[in-house]
Amino acid sequence: MRYQRSSILFKEAQKVIAGGVNSPVRAFKSVGGTPIFVEKAKGALLYDKDGNTFLDYISSWGPMILGHAYDPVLKAIKNRAEKGTSFGIPTALETEIASLALEMVGNKDKIRFVNSGTEACMSAIRLARGFTNREKIIKFRGCYHGHSDAFLIQAGSGAVTFGSPSSPGVTKGTAEDTLLADYNNLEEVIKIFDEYPEEIAAVIVEPVAGNMGCITPKNGFLEGLRNICDKFDSLLIFDEVMTGFRLAKGGAQEILGVTADIVTYGKVLGGGLPVGAFAAKNEIMKELAPEGEVYQAGTLSGNPIAMAAGLATIQALDSDQEIYLRLEKKTENLELGFTEVLNKKGLPHQINRIGSMFSLHFTEEPVIDFRTAELGNNKLFKTYFHGMLREGIYLPPSAFESYFLNDALTFSNINKTIEAFRKVISGF
Ligand SMILES: *Cc1c(COP(=O)(O)O)cnc(C)c1O
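These figures come from a predicted structure and were not determined experimentally.

### Thoughts on the site of the ligand
Taken together, Ser116, Gly117, Thr118, Tyr144, His145, Gly146, Glu206, Asn211, Asp239, Val241, Met242 and Lys267 make up the full set of residues near the ligand. Between the ligand and the protein, one listed contact pairs a nitrogen atom with a backbone N or O atom of tyrosine 144 at 3.1 Å. In this structure, a nitrogen atom belonging to the ligand sits 2.6 Å away from a side-chain N or O atom of aspartate 239. Considered on its own, the ligand offers 380 Å² of accessible surface; in the complex 83% of this is hidden by protein. Here the residues of the shell around the ligand are counted per class, giving three nonpolar, six polar and three charged.

Below, the structure written as structure tokens:
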């Protein structure tokens, strides 16, 4: 497999785009080598500029759950575009997607659409702060909630529980309002609440973490967060930008049986166009402008083309009673195949999977939080990543990302992937 054109295109991009990419993970920094430049995609297949084809296991980091260029979604986009692409004036389409999204989610009264997951999470904590009249939030190490200031926070030094900026440009003042705990560690959360019983507006969590590989919540973790938040009058925010409409119609709330106060969405809900959203009960949502005083706005929010793509996507998910089962079955086949290959080879590994989210870490210790995810052998991961790429399998270019299967992947595609994996691992 040759990447000549991609390599040239990357050099050209680097001359005019910061780092050559519009989102860091695309630069292949953690695996090395040249990023693949895509020409087009259809179904489960990516076609690059060098004429290579790949089975796609990232699905645009989740949104393309139905596969690429899915006909009903394309048709919806085309039809809608003919009528004008943006108005800054309400459309009935927004009400239509809001109604269906809320019906699928099942336990929220109102939703507000924005343009990205970042915006959704940023707005959700503003709303939580406005509603509770408190300033601090708790987040978990390794959980990603987009790139707004309040979330680019790492553990502070010493005994202090408040964080410090994890990126230059984030102020110390902002960092002091974000308190950090380890994922799956309820005791730490309790300690923080004991220290700041009346200052915490919200706990924000990925109910299934997908940004340090895929990590599922331990039994009782989310239930525990629910109880603590109730006890201290804080809000529980589920960041379902990844899991929403992917793990089930009602997302992680549905399959894990825990209800959050505010839930954020993105990715699948936009069907491949830029969409984010957050939803809550009336009591909370009425605080939002124009009804309430918590300000939030967007020139392109509820954009008709984005709404059309999102609506066509969730309609397809809503009307196919088998889709989540099928996705799960495919992902389970991948898990079983990989596990068999790895066990035969005697290679220490952890495979985490829930529904159609999956990750593989080369480590002996169960991966349950950021610390254990970091123990993975990155050198091995790089070799594995590039080996699979040569076999025509496009995986997330970092061990800290989750795989997202799409429904266009067939069982025979999965078997082909397992055979490619067998070949790659046999060379280890
Ligand atoms: C992708 C993601 C975000 C950010 O969404 P963007 O659309 O990239 O801004 C937030 N939270 C989670 C859990 C995500 O996976």
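### Details of helix H13 (residues 378–390)
Here H13 spans 18 Å end to end across 13 residues, near enough to the 18 Å set by a 1.5 Å rise per residue. Of the positions making up H13, those classed as buried are Phe381, Tyr384, Phe385, His386, Gly387, Met388 and Leu389. Against strand E3 (53–56), helix H11 (323–345), strand E14 (357–361), strand E15 (393–394), strand E16 (403–404) and helix H14 (411–426) lie the buried residues of H13. A side-chain oxygen of the first residue of H13 lies 3.0 Å from the backbone nitrogen of lysine 379; this N-cap is asparagine 377. Two residues or fewer after H13 comes glycine 392, characterised by a positive phi angle close to 85°.

### So, the pairing of E14
Of all five residues in E14, five are buried, a share of seventy percent or more. Neither face of E14 is left uncovered, since the one carrying Met357, Ser359 and His361 and the one carrying Phe358 and Leu360 both have all their residues buried. Here five bridges tie strand E13 (residues 350–354) to E14, and the two strands are oriented antiparallel to one another. The partner of isoleucine 354 across the bridge, within E14, is methionine 357. Between the end of E13 and the start of E14, which pair antiparallel, lie two residues, with glycine 355 showing a positive phi angle near 50°. Where E14 meets E16, two bridges bridge the pair, whose relative direction is antiparallel. Looking across to E16, one finds that phenylalanine 358 is bridged to tyrosine 403.

### A few points about the side chain of asparagine 107
Its place among the elements puts asparagine 107 in the loop between helix H3 (92–105) and strand E4 (110–114). Among the polar contacts listed, one links the side chain of asparagine 107 to the side chain of glutamine 253, at a separation of 3.0 Å. The residues touching asparagine 107, leaving out its near neighbours within four places in the chain, are Gln253, Thr259 and Lys281.

### Some remarks on the domain arrangement of the protein
Splitting the protein by domain gives domain 1 (4–69 + 321–426) and domain 2 (71–319). When each unit is reduced to the centre of its C-alpha atoms, the spacing between domain 1 and domain 2 is 25 Å. Counting residues at the interface gives 32 residues for domain 1 and 36 residues for domain 2. Taking both sides of the interface into account, the surface hidden between domain 1 and domain 2 amounts to around 2600 Å²; carbon and sulfur atoms contribute 65%. Sorting the residues of domain 1 by area buried against domain 2 places Tyr324, Ile354 and Met357 first, and these three jointly supply 25% of that buried surface. Linking domain 1 with domain 2 are one salt bridge. With its nearest N and O atoms 3.3 Å apart, the salt bridge here joins aspartate 71 to lysine 42. On inspection of domain 1 and its partner domain 2, the count reaches 13 residue pairs in polar contact (both at pLDDT 80 or more). Those elements that place two or more of their residues in the side of domain 1 that touches domain 2 are H11, E13, E14 and helix H12 (370–374). Per-element accounting of the side of domain 1 that touches domain 2 gives the leading share, four residues, to E14. Its residues assigned to classes, the side of domain 1 that touches domain 2 comprises 19 nonpolar, nine polar and four charged.

### Focus on unusual backbone geometry
The peptide bond linking alanine 289 to proline 290 adopts the cis configuration, its omega dihedral lying at 10°. Along the chain, proline 290 turns up in the loop between helix H9 (282–285) and helix H10 (304–319). With a phi close to 35°, lysine 267 is a non-glycine residue in the positive phi region. In this structure, lysine 267 sits in the loop between strand E11 (262–265) and strand E12 (276–280).

### Considering the packing of H13 against H14
Running from amino to carboxyl end, H13 crosses H14 at an angle of 130°, the nearest separation of the two axes being 9 Å. Judged on the interaxial angle alone, H14 and H13 are oblique. The two elements H13 and H14 meet at a crossing, and its hand is right-handed. Contacts between H13 and H14 involve Tyr384, Gly387 and Met388 on the former and, on the latter, Thr417, Ala420, Phe421 and Val424. A breakdown of the residues in the contact of H13 with H14 according to their chemical character gives five nonpolar, two polar and no charged.

Basis of the calculations
Residues numbered from 1 in each chain as written. Predicted model: local features only at pLDDT ≥ 70, side-chain atom pairs only at ≥ 80, totals over all residues. Heavy atoms only, no water. Near = heavy atom within 4 Å. Polar contact = N/O pair within 3.5 Å; in protein donor to acceptor, adjacent residues only side chain to side chain. Areas by Shrake-Rupley, 256 points an atom, 1.4 Å probe, with all protein chains shown as cover. Nonpolar A, V, L, I, M, F, W, Y, C, P; charged D, E, K, R; others polar. Helix = DSSP H or I, 4+ residues; strand = E, 2+ residues; numbered from the N terminus. Expected span 1.5 Å × (residues − 1). Buried < 20%, exposed > 50% of the residue type's maximum accessible area, 1.4 Å probe, protein only. Contact = heavy atoms within 4.5 Å. Pairing = 2+ DSSP bridges. Domains from an automatic or database assignment. Buried area = accessible area lost by both parts, 1.4 Å probe. Salt bridge = Lys/Arg side-chain N within 4 Å of Asp/Glu carboxyl O. Axes fitted to C-alpha atoms, helices over the stretch in contact; angles between N-to-C directions. Parallel < 35°, antiparallel > 145°, perpendicular 65-115°, else oblique. Left-handed = near helix turned anticlockwise from the far one by under 90°.

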